[in-house]
Amino acid sequence: MSKRTSNHILVTGCYRSGTTIVEKIVNMHPNTTIASQPFPILFFIFKEHFNDIRGIKRRYPLDHLFLETSYVNHDFNKYLLEYSINKKTLREFQTRMRNYAEGLWTPEIIDVLDQLKPGTFFDIYKNLLNLLATIYSAKRDELIGSKEVLIEEYAPAMINEGVKVIFVVRDPRDMITSLNFRIRDNLTGENRPILYSLRVWRKSVAFAYAATKSKKGCMVRYEDLVSNKWQTLNKITNYLSVEDFKKDIFDNGIVDQNGKPWKGNSSFADQNGISVNSLQKYKKYLPQNVKRFIEVLCAPEMQLLGYTSNYLIDEIDELMDSYRDPFESSHSKFQTGYSHNKERLKQEKERLRLLRRGIGDVEMQRQWFITPEIYTAMSSMHG
């Protein structure tokens, strides 16, 4: 166990990828406290403001970053370190937090928001973590942190500030199955186009891989957590520089932040403890055309992460051109037909071709593959 240099943690990843179970498990460690999505608006509002001052218009502030040409990662990292929001923006953050119902799983934070002062992202972020430590009566040397999904673009700057970031990744076929083909409500709201969610998943994997490659982040595959529990848990505790979990800690299942039994947030059925029951649900619930669509668009990342992806290069054009989401997207932020838009599918075809042909320019690697690190790894597999 190496010496710890920070007492802040972030658990992040794509939605429906296992971030919540990792959050609950890490929170059960006696030296660690993780709050569940305590201040999501903080990440929204800083990215919105970053976009606004650059005249960037995006459907979501926390977008998929595929073919993002308006800024580079360094610009955003610099902004998080240097730009201070004023009292007006802070009040907007506080108001939006109080009005935020969906996705706020740590309501206790609302009662302490008035203690915040204007400052940089990290000024406010670290102040909020200190307030969480007070709320949960955390010990002085205890690790304190939060779980938030879809905020991977924050990770590089946070890692540089000493935050321990755990990225959770999952087979995209099971992610989409849980998100769009659930049999019970999982509180993810209206259907998003499948193409959009796959691009979000690729962003998550790209940042996770880059952070792991630098040995500054920790990437956990959901499948490894539930199938090879102790090896994966030891990987997490070693990364956090804390003692290993006691072997009997999960004998009575998983508990939430209030010490109550947690039966999971599966899209299909309650679960007791760390279970393999959610693995490969796609084989039963995912339509075949969606499965093939995923395996083509995410093939390079899936192969890199050890997920099987069976498709023939000669079938790509026909598959993409005939693809349609098996539902009408009801999400108000998306136009109907998002996933089979000709221009978007043209971009996807070009992405796969570029990977085979090779890209020498680092900036182009970032635009097409989010991080140069994952491009290099995937291109070497296809070279």
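Look up: the structure comes first, before these words.
What counts, and where the lines are drawn
- Residues numbered from 1 in each chain as written.
- Predicted model: local features only at pLDDT ≥ 70, side-chain atom pairs only at ≥ 80, totals over all residues.
- Heavy atoms only, no water.
- Core = buried A, V, L, I, M, F, W, Y, C linked by side-chain atoms within 4.5 Å.
- Buried < 20%, exposed > 50% of the residue type's maximum accessible area, 1.4 Å probe, protein only.
- Helix = DSSP H or I, 4+ residues; strand = E, 2+ residues; numbered from the N terminus.
- Polar contact = N/O pair within 3.5 Å; in protein donor to acceptor, adjacent residues only side chain to side chain.
- Expected span 1.5 Å × (residues − 1).
- Contact = heavy atoms within 4.5 Å.
- Pairing = 2+ DSSP bridges.
- Phe/Tyr/Trp six-rings, centres within 6.5 Å; stacked < 30°, edge-to-face > 60°.
- Lys NZ or Arg CZ within 6 Å of the ring centre and 35° of its normal.
- Axes fitted to C-alpha atoms, helices over the stretch in contact; angles between N-to-C directions.
- Parallel < 35°, antiparallel > 145°, perpendicular 65-115°, else oblique.
- Nonpolar A, V, L, I, M, F, W, Y, C, P; charged D, E, K, R; others polar.

**Regarding the nonpolar core**
In this structure, Phe39, Leu42, Phe43, Phe93, Phe121, Tyr125 and Tyr154 are the most contacted members of the largest nonpolar core, which totals 98 residues. Top contributing element to this core by residue count: helix H8 (residues 194-213), with 12 residues. In terms of nonpolar packing, the next biggest core, distinct from the first, is built from 26 residues, Val11, Leu143, Cys218 and Phe250 among them.

**Brief notes about the side chain of serine 379**
Secondary-structure assignment places serine 379 in helix H17 (residues 372-382). By relative accessible area, serine 379 is classed as buried at 18%. A polar contact of 3.0 Å, which involves the side chain of serine 379, links it to the backbone oxygen of threonine 376.

**With respect to H8**
Between its first and last C-alpha atoms H8 spans 28 Å; for 20 residues at 1.5 Å apiece the expected length is 28 Å, and the two agree. Within H8, 18 of the 20 residues are buried, which leaves it mostly tucked inside the rest of the structure. Phi for lysine 215, located one or two positions after H8, is positive at around 65°.

**Digging into the environment of glutamate 295**
Structurally, glutamate 295 is set in helix H12 (residues 288-297). For glutamate 295, a relative accessible area of 1% corresponds to the buried category. It is 21 Å that separates the C-alpha atoms of glutamate 295 and leucine 150, two residues lying 145 residues apart in sequence. If we skip the residues at most four places from it in the chain, glutamate 295 touches Arg173, Met302, Thr308, Ser309, Asn310 and Tyr311.

**A word on the pairing of strand E2 (residues 32-36)**
Counting buried positions along E2 yields five of five residues, so the element is predominantly enclosed. Examined bridge by bridge, E2 and strand E3 (residues 143-147) share five bridges and lie parallel to one another. Across the sheet, the residue bridging to serine 36 is lysine 147, located in E3.

**So, the packing of aromatic side chains**
How two aromatic rings sit relative to each other is set out by the distance from centre to centre and by the angle between their planes. Applying the stated criterion across every chain, the model contains 29 aromatic pairs. Note on tyrosine 79 and tyrosine 83: the rings are 5.5 Å apart at their centroids and 25° apart in plane angle, and the pair reads as stacked. With relative accessibility at 4%, the residue tyrosine 79 sits in the buried group. Ring pairing ties together the aromatic residues Phe39, Phe43, Phe46, Phe50, Tyr71, Phe76, Tyr79, Tyr83, Phe121, Phe122, Tyr125 and Tyr154, which thus form one cluster. The ring of tyrosine 239 has lysine 164 sitting right over it, with the charged end atom 4.5 Å from the ring centre. Above the ring of tyrosine 222, the side-chain terminus of arginine 170 is found at 4.8 Å from the ring centroid.

**Comments concerning the sheet that holds E3**
An order of E2-E3-E1-E4-E5 is seen for the five strands of this open sheet, with the pairing classed as parallel. Because the sheet does not close on itself, it has two edges, and the strands there are E2 and strand E5 (218-221). Averaged over all pairs of adjacent strands, the angle between their axes in this sheet comes to 20°, without regard to strand direction. Those strands touched by helix H1 (residues 19-27) are strand E1 (8-13), E2, E3 and strand E4 (164-169), and its axis lies near 145° from that of E2.

**Details of the pairing of E4**
With respect to burial, E4 is a largely interior element, six of its six residues being buried. Burial along E4 is two-sided: Lys164, Ile166 and Val168 facing one way and Val165, Phe167 and Val169 facing the other are all buried. Summarising the sheet, E1 and E4 pair through five bridges and their orientation is parallel. Pairing of valine 11 across the sheet is with isoleucine 166, part of E4.

**Focus on the packing of helix H2 (residues 40-53) against helix H5 (residues 121-135)**
One way to put it is that H2 packs onto H5 with a least axis distance of 11 Å and a crossing angle of 175°. By the angle between their directions, the pair H2 and H5 is classed as roughly antiparallel. Judged by residue contacts, Leu42, Phe43 and Phe46 of H2 engage Phe121, Ile124, Tyr125 and Leu128 from H5. Of the residues that constitute the contact of H2 with H5, the class distribution is seven nonpolar, no polar and no charged.

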